[in-house]
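Letter by letter, the chains look like this.
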Amino acid sequence: MDLNLDQSDGVEILRWLALSESTVKIILISGFDLKILNSAVLLCQSQKLDVVAALHKPIDPAHLKSILKSIHDECKTISRESLDLAIKKNEFVLFYQPKISLVTGKMIGVEALIRWHVAGKSLVDPDAFISIAEESGLIVPISFWVNHEAIKQCAALHANGWPITMSINISAKLLTNLELPDELLAIAQQYHLKPEHICIEVTESAAVENVTSSMDILMRLRIKGFNISIDDFGTGFSTLIELQRMPCNELKIDKSFITQLHKDTPEFIIVKSIINLGHEFGLTMVAEGVETQVVLEILKEIACDSAQGFYLGYPMEKDDLEKWLRLNVDESLNFKFPSAL
Ligand code: C2E
Ligand code: CA
Ligand code: CA
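Residues numbered from 1 in each chain as written. Chains lettered and ligands numbered in written order. Predicted model: local features only at pLDDT ≥ 70, side-chain atom pairs only at ≥ 80, totals over all residues. Heavy atoms only, no water.

K.L.:
So what's going on with the packing of aromatic side chains? Which residues, and what values?
P.N.:
Scanning the entire structure with this criterion turns up seven aromatic pairs. Members of the aromatic cluster, each reached through a chain of ring pairs, are Phe92, Trp116, Phe129 and Trp145. Looking at Arg115, its charged tip hangs above the ring of Phe95, at a distance of 5.3 Å from the centre. If you follow Lys300 out to its NZ or CZ, it ends over the ring of Phe337, 5.0 Å from the centre. (Phe/Tyr/Trp six-rings, centres within 6.5 Å; stacked < 30°, edge-to-face > 60°. Lys NZ or Arg CZ within 6 Å of the ring centre and 35° of its normal.)

Encoded structure:
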């Protein structure tokens, strides 16, 4: 959709789509400057519209074609039935991405990221199926599997001499299940792992969506000793009051602010201010999406506590993670930064 149409403007149509709770996939196209295009994307996201791409004119037809093809492939393969079958056939795998302290230079832990290994095909990323799992309710059995698998793997890492933490993503849909804290504690106890080694990641928008139930659940998780991280921070438009009330101990700044981080840009001022603000609230600040040495140095300079991203380590399957640990981390958990190699 072009933002500037003949009879009406695109923003009006977006408003109408949001009001009708449309689930169509939207590709925004505009000749206006990038700032307007970015604002339109944020407007769509805040209204829960599914923007798959934002293209600046003149657009490259080959690029547009590849986007349309990936939407087509996704729609063709993923249905409720196929996900249901994937659960029965045990086709999900967890990948683990390292998280490093910029203060001590040590390995802190890993984040568990789900993938779907469709038989005979390549891996499907979670962005392609988590929303379908949420809408169909299949997120409940999928999360049950993720929680068990991630906690079991964390216990195995501890047993092998790697006392690191495991971060687990929890869907907004599960923040209404008041049993969640007891369920997670039972799994931790089953694998003899202390809750302090587990960090529950909830997105900023999920945390403020059903404030009453999410506060209840997050508070009880904290009381039981779990860590709570607010994920994708900066994208959810929560207010400072809401943030200050959240019983979390970590804020994870969204990768959209980090990947292209340069000094003298609005993103730099935003990230620096978020870090200062988080520290004022006594929170640990994490940056995700660190892809370069330059970004890592900027983050150290502005006192970001820890970092995650392709520059430090890609998400890996459990066997590859153990190999990676042996190569990149010593027995005191000191991490060999790529620049030092
Ligand atoms: P997220 O929690 O924000 O996870 C970070 C995503 O950024 C991951 O994508 C990761 O592979 C990617 N990433 C990591 N480092 C970099 C980097 O340096 N640059 C860039 N451009 N990207 C980087 P992934 O694995 O595709 O996961 C996408 C989202 O799916 C996650 O976003 C999370 O919201 C959701 N998700 C993943 N696993 C689970 C799960 O087990 N349960 C639930 N409910 N959601 C999950
Ligand atoms: Ca996450
Ligand atoms: Ca994130």
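K.L.:
Describe the coordination of the calcium ion (ligand 2), naming the residues involved and giving the relevant values.
P.N.:
Here the calcium ion (ligand 2) is held by the protein donor atoms Glu111 (OE), Asn169 (OD1), Glu201 (OE) and Asp231 (OD), which lie 2.1 to 2.3 Å from it. Coordination of the calcium ion (ligand 2) draws on donor residues from a single chain, spaced E-x57-N-x31-E-x29-D in sequence. Distance-wise, the calcium ion (ligand 3) is placed 4.3 Å from the calcium ion (ligand 2), both being coordinated by Asp231. With a gap of 90 residues between them, Glu111 in strand E4 (residues 107-117) and Glu201 in strand E7 (residues 198-203) connect regions that are remote in the sequence. Comparing Glu111 with Glu201, the two get one shared label, buried. (Donors = N, O, S within 2.8 Å, 3.2 Å for Na, K, Ca; no water. Helix = DSSP H or I, 4+ residues; strand = E, 2+ residues; numbered from the N terminus. Buried < 20%, exposed > 50% of the residue type's maximum accessible area, 1.4 Å probe, protein only.)

K.L.:
Which residues make up the coordination of the calcium ion (ligand 3), and what values do they have?
P.N.:
The coordination sphere of the calcium ion (ligand 3), as far as protein atoms go, consists of Asp231 (OD), Asp232 (OD), Glu288 (OE) and Glu288 (OE), spread over 2.2 to 2.5 Å. When the donor residues of the calcium ion (ligand 3) are listed from N- to C-terminus, their spacing reads D-D-x55-E. Classification of Asp232 as partly exposed rests on a relative accessible area of 24%. Residue classification places Glu288 among the buried positions, given a relative accessible area of 10%.

K.L.:
Tell me about the nonpolar core, and please be specific about residues and values.
P.N.:
Of all hydrophobic cores here, the largest spans 84 residues; its most connected members are Ile168, Ile200, Val271, Leu299 and Trp324. For this core, the leading source of residues is helix H6 (residues 139-159), giving eight residues. Ignoring sequence-local partners within four residues, the contact set of Ile200 consists of Ile168, Ile170, Leu184, Leu221, Asn227, Ile228 and Ser229. One finds Leu3, Leu14, Leu17 and Ile26 within the second-largest nonpolar core, a separate group that totals 12 residues. (Core = buried A, V, L, I, M, F, W, Y, C linked by side-chain atoms within 4.5 Å. Contact = heavy atoms within 4.5 Å.)

K.L.:
Describe in detail the environment of Leu261, supporting the description with residues and values.
P.N.:
By the secondary structure assignment, Leu261 is in the loop between helix H11 (255-258) and helix H12 (266-280). For the pair Leu261 and Val271, spaced 10 residues apart in sequence, the C-alpha separation works out to 8.7 Å. Excluding anything up to four places from it in sequence, Leu261 contacts Glu267, Phe268, Val271, Val295, Ile298 and Leu299.

K.L.:
Go over helix H7 (residues 180-190), please, and point to the residues and values.
P.N.:
Within H7, burial applies to Leu180, Pro181, Leu184, Leu185, Ile187 and Ala188. Projected onto a plane normal to the axis of H7, the buried residues spread over an arc of 160° and lie on a single side. Close packing links the buried residues of H7 with H6, E7 and helix H9 (211-223). Following H7 by one or two positions, His192 adopts a phi angle in the positive range, close to 55°. (Arc of directions from axis to C-beta.)

K.L.:
Explain the packing of H7 against H9 to me, and be specific about the residues and the numbers.
P.N.:
At a minimum axis distance of 8 Å, the contact between H7 and H9 shows a crossing angle of 30°. As judged from the angle between their axes, H7 and H9 are roughly parallel. Where H7 crosses over H9, the two elements pack in a sense that is right-handed. Where H7 abuts H9, its residues Leu180, Pro181, Asp182 and Leu184 lie against Ile217, Arg220 and Leu221. For the contact of H7 with H9, a count of residues per class yields five nonpolar, no polar and two charged. (Axes fitted to C-alpha atoms, helices over the stretch in contact; angles between N-to-C directions. Parallel < 35°, antiparallel > 145°, perpendicular 65-115°, else oblique. Left-handed = near helix turned anticlockwise from the far one by under 90°. Nonpolar A, V, L, I, M, F, W, Y, C, P; charged D, E, K, R; others polar.)

K.L.:
I'd like a rundown of the environment of Ile241, residues and numbers included.
P.N.:
Its place among the elements puts Ile241 in helix H10 (residues 240-245). For Ile241, a relative accessible area of 51% corresponds to the exposed category. Taking C-alpha positions, Ile241 is 18 Å from Met285, a pair spaced 44 residues apart along the chain.

K.L.:
Could you give me a rundown of the pairing of strand E2 (residues 50-56), with the residues and numbers involved?
P.N.:
The pairing of strand E1 (residues 25-30) with E2 spans six bridges and is parallel. Its bridge partner lying in E2, Ile26 is registered against Val51. Between E1 and its parallel partner E2, the chain crosses via helix H2 (residues 34-46), and the hand of that crossover is right-handed. (Pairing = 2+ DSSP bridges. Right-handed = clockwise from strand over helix to strand, strands pointing away.)

K.L.:
Tell me about the site of ligand 1, residues and numbers included.
P.N.:
In the region of ligand 1, 21 residues are neighbours, and Gln97, Arg115, Asp231, Glu291 and Phe310 sit closest. In the model, a nitrogen atom of ligand 1 is placed 3.1 Å from a nitrogen or oxygen of the Ile114 main chain. Separating an oxygen atom of ligand 1 from a side-chain N or O atom of Lys255 is a distance of 3.1 Å. When ligand 1 is considered free in solution it has 800 Å² of accessible area, and contact with the protein chains removes 86% of it. Among the elements of the structure, E4 and strand E8 (227-233) are those that each provide at least two residues to the shell around ligand 1. (Near = heavy atom within 4 Å. Polar contact = N/O pair within 3.5 Å; in protein donor to acceptor, adjacent residues only side chain to side chain. Areas by Shrake-Rupley, 256 points an atom, 1.4 Å probe, with all protein chains shown as cover.)

K.L.:
Please provide a residue-by-residue account of unusual backbone geometry, values included.
P.N.:
Put simply, Lys57 and Pro58 share a cis peptide bond, and its omega is 0°. Inspection of the secondary structure assignment puts Pro58 in the loop between E2 and helix H3 (61-77). In the Ramachandran plot, Asp232 falls in the positive-phi region, its phi being about 50° despite a non-glycine side chain. Within the fold, Asp232 resides in strand E8. The phi torsion at Asp264 lies on the positive side, around 65°, for a residue other than glycine.

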